[in-house]
Amino acid sequence: MLLEEAQRVQPDVILMTGMNSGTTKIDINLAALNIKDALIEDNMGRRPWNEPILADAPAAYFATIPVHEIVRSLRAQKLPVQLEFASGGYVCNEIFYRAAHAYAGTTTKVGFVHVPLLPEMVFDERLARPLEETSAILKAIIECL
């Protein structure tokens, strides 16, 4: 669906987001790997392990958005962002990898950002970030782009 819509819209930038329950910061992902490694089953009961996303495709793609510059700029503004080297082992990584593969060698920039869970999603609100704060940080990332 993402690639079909991107083909229709012809964007300059594709910035994808996913949720990360392991941080309260915004993770700006550096690379997507050509592997499916699921630690738990997905909603359809699948749990791929050590499977390529695309056979005979590169092992990884780097984000083509200016990841390091975005992290540096937003940290200078005291925003809670960090560089994350990979985008996980399954769904987020696969979406990022497929978009990066589809737009490799083009002028369309591709990137992936993980956001923390919302307070209503956790028992301890210190393990989350309010939607308004996350939205403001995402807006700052978009402004950097």
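First things first, this report covers the structure right here in the doc. (Residues numbered from 1 in each chain as written. Predicted model: local features only at pLDDT ≥ 70, side-chain atom pairs only at ≥ 80, totals over all residues. Heavy atoms only, no water.)

### Looking at the nonpolar core
- Core analysis: the largest hydrophobic core is formed by 31 residues, its most contacted members being Ile28, Val110 and Ile141.
- Taken together, the elements giving at least two residues each to this core come down to strand 1 (13–20), strand 2 (26–33), helix 2 (67–76), helix 3 (91–102), strand 7 (109–116) and helix 4 (131–144).
- Take this core: its biggest share by element is five residues, from helix 3. (Core = buried A, V, L, I, M, F, W, Y, C linked by side-chain atoms within 4.5 Å. Buried < 20%, exposed > 50% of the residue type's maximum accessible area, 1.4 Å probe, protein only. Helix = DSSP H or I, 4+ residues; strand = E, 2+ residues; numbered from the N terminus.)

### Side note on helix 2
- The set of residues buried in helix 2 consists of Val67, Ile70, Val71 and Leu74. Down the axis of helix 2, the buried side of the element spans an arc of 95°, and every buried residue falls inside it. For helix 2, the exposed residues lying more than 90 degrees away from the buried face are Arg72 and Ala76.
- The inward-facing, buried residues of helix 2 abut strand 2, strand 6 (81–86) and helix 4.
- Just downstream of helix 2 lies lysine 78, where phi reads positive at about 65°. (Arc of directions from axis to C-beta. Contact = heavy atoms within 4.5 Å.)

### Regarding the environment of threonine 24
- Of note, threonine 24 is situated in the loop between strand 1 and strand 2.
- Sequence spacing of threonine 24 and glutamate 125 is 101 residues, and the spatial spacing of their C-alpha atoms is 9.9 Å.
- Excluding residues within four positions of it along the chain, threonine 24 makes contact with Pro116, Arg126, Leu127, Ala128 and Arg129.

### Topic: the packing of helix 2 against helix 4
- Put simply, helix 2 and helix 4 touch, their axes get as near as 10 Å, and they point 125° apart. Between helix 2 and helix 4, the interaxial angle falls into the category oblique. Seen along the crossing, helix 2 lies across helix 4 with a hand that is right-handed. Of the residues in helix 4, those in contact with Ile70, Ser73 and Leu74 of helix 2 are Ala140, Ile141 and Cys144. (Axes fitted to C-alpha atoms, helices over the stretch in contact; angles between N-to-C directions. Parallel < 35°, antiparallel > 145°, perpendicular 65-115°, else oblique. Left-handed = near helix turned anticlockwise from the far one by under 90°.)

### A look at the packing of aromatic side chains
- Within this structure, the stated rule accounts for two aromatic pairs.
- Centre to centre, the rings of tyrosine 61 and tyrosine 97 are 5.1 Å apart; their planes meet at 55°, and the pair counts as tilted. With tyrosine 61 in strand 5 (residues 60–62) and tyrosine 97 in helix 3, this pair connects stretches of sequence that are 36 residues apart.
- A relative accessible area of 14% means that tyrosine 61 is categorised as buried.
- Residue classification places tyrosine 97 among the buried residues on the basis of a relative accessible area of 0%.
- Consider the rings of phenylalanine 96 and phenylalanine 112, whose centres lie 5.9 Å apart with planes at 25°: the pair is stacked. Remark: phenylalanine 112 occurs in strand 7 and phenylalanine 96 occurs in helix 3; sequence separation between them is 16 residues. Each of the two residues, phenylalanine 96 as well as phenylalanine 112, counts as buried. (Phe/Tyr/Trp six-rings, centres within 6.5 Å; stacked < 30°, edge-to-face > 60°.)

### A short note on the pairing of strand 7
- Counting buried positions over the eight residues of strand 7 gives seven, a clear majority of the element.
- Bridge analysis of strand 1 against strand 7 gives eight bridges, and the strand direction is parallel. Bridged to isoleucine 14 within strand 7 is valine 110.
- Sheet topology places strand 2 next to strand 7; three bridges connect them, and they run antiparallel. (Pairing = 2+ DSSP bridges.)

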